Amino acid sequence: MKPAANDSHNRIKCSKRVLMAAAIAVFLSSPALSQDDPGEACRQAAEYFENGDLEGALDEARWCVESLEQIRQQQTLALFPDEVGGFEGGELSSQNTMGMTIMNRTYVKESDVIEVTLTGGGAAAAGMAALMQFGASGQGKKMRVQRRTVIDMTESGNAHFIVQMKSSGMLTFEAGSLDSETLLAFLKEFPIADIDDALASN
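Residues numbered from 1 in each chain as written. Predicted model: local features only at pLDDT ≥ 70, side-chain atom pairs only at ≥ 80, totals over all residues. Heavy atoms only, no water.

### Regarding the pairing of strand 5 (residues 141-145)
- Pairing geometry for strand 5 and strand 6 (residues 148-152), over five bridges, is antiparallel. Across the sheet, residue Lys 141 finds its bridge partner in strand 6, namely Asp 152.
- From the end of strand 5 to the start of strand 6, which pair antiparallel, there are two residues, and Gln 146 there has a positive phi angle of about 50°. (Pairing = 2+ DSSP bridges. Helix = DSSP H or I, 4+ residues; strand = E, 2+ residues; numbered from the N terminus.)

And the structure:
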């Protein structure tokens, strides 16, 4: 008998905590994103700089960059499909931690749950991806999907794949109630290349 969706979801959440732990402290100390027009913040930063106010220019420049990052996140989230292989997508979530983005969506079909998490953008994301891939070296089976390297990290009945994104960062797929072949079929249908290309072009 398959485990209940809630049990699978709880096990996957534990694994996600490892991925997100490095970003949580930074996220909690970061200010909320500006609700103002990012173009105005960017123009104000230039004006402050021209007037010799370096501190004001830096402050406005931070709001400018963070607001632009928020726009990029929304554009990337729009590429997460609402349905893949009969799995319905749940609520989209997104965090920005000093230039690093963490986006997540849960897909459910009956009692089966798949967690898809995108970590990308910035040196921090690239570093985290490198650490994960280093840990997977010699342990996971590698393959190519949509011209991206995929590492099979499945163990102890927990299907788990890591996709190395060309734009830096990674895309992970986890499912506690599915075998690796079923999760891989879902992964192959997911628009990995489109998401990666969107991140690379921003």
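### Some thoughts on the pattern of salt bridges
- The tally for this structure, following the rule as stated, stands at four salt bridges.
- Asp 82 serves as the salt-bridge partner of Arg 105, at 3.0 Å between the closest nitrogen and oxygen. Here the residue Arg 105 occupies a position in strand 3 (residues 100-109), and Asp 82 occupies one in the loop between helix 3 (54-77) and strand 1 (83-84), the gap between them amounting to 23 residues.
- Here Arg 105 falls in the buried class, since its relative accessible area comes to 6%.
- A salt bridge links Arg 148 to Asp 197; the nearest nitrogen and oxygen atoms lie 3.1 Å apart. Of this pair, Arg 148 sits in strand 6 while Asp 197 sits in helix 6 (residues 192-201), placing them 49 residues apart in sequence.
- Given a relative accessible area of 44%, Asp 197 falls into the partly exposed group. (Salt bridge = Lys/Arg side-chain N within 4 Å of Asp/Glu carboxyl O. Buried < 20%, exposed > 50% of the residue type's maximum accessible area, 1.4 Å probe, protein only.)

### Re the packing of aromatic side chains
- All chains considered together, the criterion is met by seven aromatic pairs.
- Considering the side-chain rings of Phe 87 and Phe 186, the 5.5 Å spacing of their centres and the 80° angle between planes classify their relative orientation as edge-to-face. With Phe 87 in strand 2 (residues 87-97) and Phe 186 in helix 5 (residues 180-189), the pair connects residues that are 99 residues apart, well separated along the chain.
- Classification of Phe 87 as buried rests on a relative accessible area of 4%.
- The buried category is assigned to Phe 186, whose relative accessible area is 4%.
- Their ring planes at 70° and their centres at 6.2 Å tell us that Phe 173 and Phe 186 sit as a pair that is edge-to-face. (Phe/Tyr/Trp six-rings, centres within 6.5 Å; stacked < 30°, edge-to-face > 60°.)

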